[in-house]
Amino acid sequence: MKTLVYIGSDHGGYTHKQKIIAHLKKKGHAIIDKGVSSSEKSSDYPDQASLVAKEVAEKKTAKGILICGTGIGMTIAANKVKGIRAAMAYDTYSAKMSRQHNNANILTLKGRKMPLKNNLKIVDAWLKEPFSDGLRHKRRIKKIAQLERDAL
Ligand code: RB5
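Residues numbered from 1 in each chain as written. Predicted model: local features only at pLDDT ≥ 70, side-chain atom pairs only at ≥ 80, totals over all residues. Heavy atoms only, no water.

Chemist: Please clarify how the side chain of Thr108 should be interpreted in this entry.
Modeler: Mapping Thr108 onto the fold places it in strand β5 (residues 106-110). Note on Thr108: relative accessible area 0%, which makes it buried. A polar atom in the side chain of Thr108 sits 2.8 Å from the side chain of Thr75. Only 3.3 Å separates the side chain of Thr108 from the backbone nitrogen of Met88, close enough to count as a polar contact. Among residues more than four places away in sequence, those in contact with Thr108 are Leu66, Gly71, Met74, Thr75, Ala86, Ala87, Met88 and Ala89. (Helix = DSSP H or I, 4+ residues; strand = E, 2+ residues; numbered from the N terminus. Buried < 20%, exposed > 50% of the residue type's maximum accessible area, 1.4 Å probe, protein only. Polar contact = N/O pair within 3.5 Å; in protein donor to acceptor, adjacent residues only side chain to side chain. Contact = heavy atoms within 4.5 Å.)

Spelled out as structure tokens, the structure:
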């Protein structure tokens, strides 16, 4: 299935972002790049996390991909946006499970200490995996949404 994907990175994830964009465009996905545009210039990961997460929270069928050096900063920042379930995946198993069980709408990746080919496999696995729709998973996701409401 072709997906609308918002993608962003900081300088630490820039190189992988560019390769992932080319890879996904070749597969026919619609990609919107929210920056950054350099691996040289230092940037703050919450800025791109915010741009991507707000789009994904608003457009329910869109998905997001965020890449920083470790994947950690992007995960923490994106999950501050209401409606976002950002999951960091470091192999295809964690990528698939984040869709099946958590209905993750943003995938976060590490752009350093990770071969590009691994990240490409992770992205492909994540994009094609559906949410399992099991009642227990729906119940747990509702509880996450309740945590967001409690925090207001
Ligand atoms: C930038 O050096 C680095 O801190 C960032 O890319 C990310 O790994 C933060 O979590």
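Okay, back to it.
Chemist: Would you take a moment to explain the pairing of strand β1 (residues 4-9) for this structure?
Modeler: Consecutive side chains along a regular strand alternate between the two faces of the sheet. Buried residues dominate β1, accounting for 5 of its 6 residues. As paired strands, β1 and strand β2 (residues 30-33) are joined by 4 bridges and run parallel to one another. Across the sheet, Val5 pairs through a bridge with Ile31, a residue of β2. On the question of chirality, the crossover connecting β1 to the parallel β2 by way of helix α1 (residues 14-26) is right-handed. The pairing of β1 with strand β3 (residues 63-68) spans 5 bridges and is classified as parallel. Bridged to Ser9 within β3 is Ile67. (Pairing = 2+ DSSP bridges. Right-handed = clockwise from strand over helix to strand, strands pointing away.)

Chemist: Sorry, what's going on with the packing of helix α4 (residues 92-100) against helix α5 (residues 116-128) here?
Modeler: Two quantities define a packed helix pair, namely the angle between the helix axes and the distance between the axes. At a closest axis distance of 8 Å, the pairing of α4 and α5 adopts a crossing angle of 25°. With respect to α5, the axis of α4 lies roughly parallel. Once α4 is placed against α5, the crossing between them reads as right-handed. Side by side, α4 and α5 meet where Thr92, Ala95, Lys96, Ser98 and Arg99 of the first sit next to Lys121, Ile122, Ala125 and Trp126 of the second. Taken together, the residues of the contact of α4 with α5 break down into 4 nonpolar, 2 polar and 3 charged. (Axes fitted to C-alpha atoms, helices over the stretch in contact; angles between N-to-C directions. Parallel < 35°, antiparallel > 145°, perpendicular 65-115°, else oblique. Left-handed = near helix turned anticlockwise from the far one by under 90°. Nonpolar A, V, L, I, M, F, W, Y, C, P; charged D, E, K, R; others polar.)

Chemist: What exactly am I supposed to notice about the sheet that holds β5 here?
Modeler: Consider a sheet: its strands pair through backbone hydrogen bonds, and that pairing is either parallel or antiparallel. Reading across from one edge, β2-β1-β3-β5-β4 is the order of the 5 strands in this open sheet, with parallel pairing throughout. Of all strands in the sheet, those with a lone pairing partner are β2 and β4 (86-88), marking the two edges. When the angles between neighbouring strand axes are averaged without regard to direction, this sheet yields 25°.

Chemist: Honestly, unusual backbone geometry in this entry has me stumped. Any pointers?
Modeler: Most peptide bonds take the trans form, and the phi angle of most residues other than glycine is negative. Backbone torsion omega between Gly35 and Val36 reads 5°, so that peptide bond is classified as cis. Mapped onto the fold, Val36 is located in the loop between β2 and α2 (45-58). In this structure, Asn103 takes a positive phi of about 50° despite not being glycine. Positive phi is not limited to glycine here, since Lys113 has a value of about 55°. Structurally, the position occupied by Lys113 is in the loop between β5 and α5. On the basis of relative accessible area, Lys113 is assigned to the exposed category, the value being 79%.

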